[in-house]
Amino acid sequence: MAIEIKSIKGYYYLDAWVMSHIIHQATISFCQRYLNKDNDPGGRLYDQMMMAARSAPANIAEGSSRRQTSRETEMRLTDVARATLSELLSDFMAFSLTYNIEPWPKDSENYLAFRKLQLEQPNYGADIEREAWLHVQAQRKRFAPWVESDNLSVRVNSIKQLINRNIFMLQKMISRQLDEFKVNGGFTEGLSKERLTAQASQSVEQGAPNCPLCGKPMIKRTIKRGAKAGRQFWGCSAYPECQGTLDT
């Protein structure tokens with residue numbers, strides 16, 4: 001299959017990206033309301049939490065945008081997003097310990113009700129920038145009664161639940177990315193296949209022989225090492241699967 005460089009805005013469709021924005025906005029609201037000179041005199045926790053919350057959607061977007069040219073970078077940045085969310089979760093955990101905010105039991109009414117609340121799927125048209133913004137805002141409003149609640153316990157617990165959910169989404173994304181890389185390789189492998197396909201096509205046009213082993217077009221190659229370095233020969237275009245060669 002030919003390499004195609006398409007739009008890099010595919011991350012607009014990712015639930016993990018949408019969820020990370022909800023967490024980002026919820027963290028902004030939380031920090032502005034609950035962190036102050038008394039419990040965060042130097043403002044360091046404020047900065048740390050805000051940067052961690054911002055980093056998640058930014059790294060998801062950048063990783064997704066690099067997908068077509070570097071699967072390795074895509075996986076690395078997805079993992080960075082996961083790690084920054086873990087850092088943010090740790091900060092909320094520390095806050096909950098300081099203010100004795102007990103986590104919801106998994107059989108509690110709040111936990112079960114919040115667990116049922118899920119993201120809606122996007123349905124974008126031609127104006128994707130505007131529609132993605134509207135979609136994120138609509139999803140944010142679905143969770144707002146919980147993550148912006150005046151009840152501090154509800155607010156902290158629901159934000160922590162969203163962070164855990166987002167981390168799980170990213171773990172699944174990394175697993176899928178790794179599986180796809182194992183099957184299809186990355187951009188470098190794709191470039192090699194494109195080059196071999198072009199070389200095979202040129203060889204056919206130039207009357208190159210077919211491989212004596214598999215019948216596929218042969219490509220003129222040059223020996224790079226050893227006593228015969230510089231000498232040309234015909235090599236099968238299906239190499240390394242086929243080892244067929246002919247003298248020029």
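As the structure is a prediction and not an experimental result, all values here were calculated from the model.

A. Examining the overall build of the protein more closely. The secondary structure content of the protein amounts to seven helices and three strands. Reading the helices (α) and strands (β) of the protein from amino to carboxyl end gives α-α-α-α-α-α-α-β-β-β. Across the 248 residues in the protein, those meeting the buried criterion constitute 40%. Relative to all contacts within the protein whose residues are 6 or more apart in sequence, the contacts with residues 24 or more apart total 64%. Summing over all exposed atoms, the protein offers an accessible surface of approximately 15000 Å²; the carbon and sulfur share of this is 51%.

B. Quick look at the environment of E87. If you trace the backbone, E87 turns up in helix α3 (residues 71-98). Taking C-alpha positions, E87 is 9.0 Å from Q48, a pair spaced 39 residues apart along the chain.

C. Region of interest: the packing of aromatic side chains. Tallying each qualifying case throughout the model produces twelve aromatic pairs. Ring centres 4.9 Å apart and planes at 80° place the aromatic pair Y11 and Y12 in the edge-to-face group. Summarising the burial analysis for this pair, Y11 and Y12 share the class buried. Among the aromatic residues, those joined into a ring-pair cluster are F30, Y34, F92, F95 and Y99.

D. Broad picture of the pairing of strand β2 (residues 232-236). By the bridge criterion, five bridges tie strand β1 (residues 218-222) to β2 in an arrangement that is antiparallel. Across the sheet, the residue bridging to T222 is Q232, located in β2. Pairing geometry for β2 and strand β3 (residues 245-247), over three bridges, is antiparallel. Residue G235 lies in a different strand from β3, and its bridge partner there is T245.

E. Molecular detail of the nonpolar core. Core analysis: the largest hydrophobic core is formed by 49 residues, its most contacted members being W17, F30, L88, F92, F143, L162 and I163. When residues of this core are traced back to their parent elements, those giving at least two are α1 (15-34), α2 (44-65), α3, α4 (109-116), α5 (128-147) and α6 (152-184). For this core, the element with the highest residue contribution is α1, accounting for eleven residues. With residues near it in sequence (within four places) discarded, F92 still touches T27, F30, M49, V156, I159, K160 and I163. In this structure, A208, W234, A238 and C242 belong to the second largest nonpolar core, which totals seven residues.

Cut-off values and rules
- Residues numbered from 1 in each chain as written.
- Predicted model: local features only at pLDDT ≥ 70, side-chain atom pairs only at ≥ 80, totals over all residues.
- Heavy atoms only, no water.
- Helix = DSSP H or I, 4+ residues; strand = E, 2+ residues; numbered from the N terminus.
- Buried < 20%, exposed > 50% of the residue type's maximum accessible area, 1.4 Å probe, protein only.
- Contact = heavy atoms within 4.5 Å.
- Areas by Shrake-Rupley, 256 points an atom, 1.4 Å probe, with all protein chains shown as cover.
- Phe/Tyr/Trp six-rings, centres within 6.5 Å; stacked < 30°, edge-to-face > 60°.
- Pairing = 2+ DSSP bridges.
- Core = buried A, V, L, I, M, F, W, Y, C linked by side-chain atoms within 4.5 Å.

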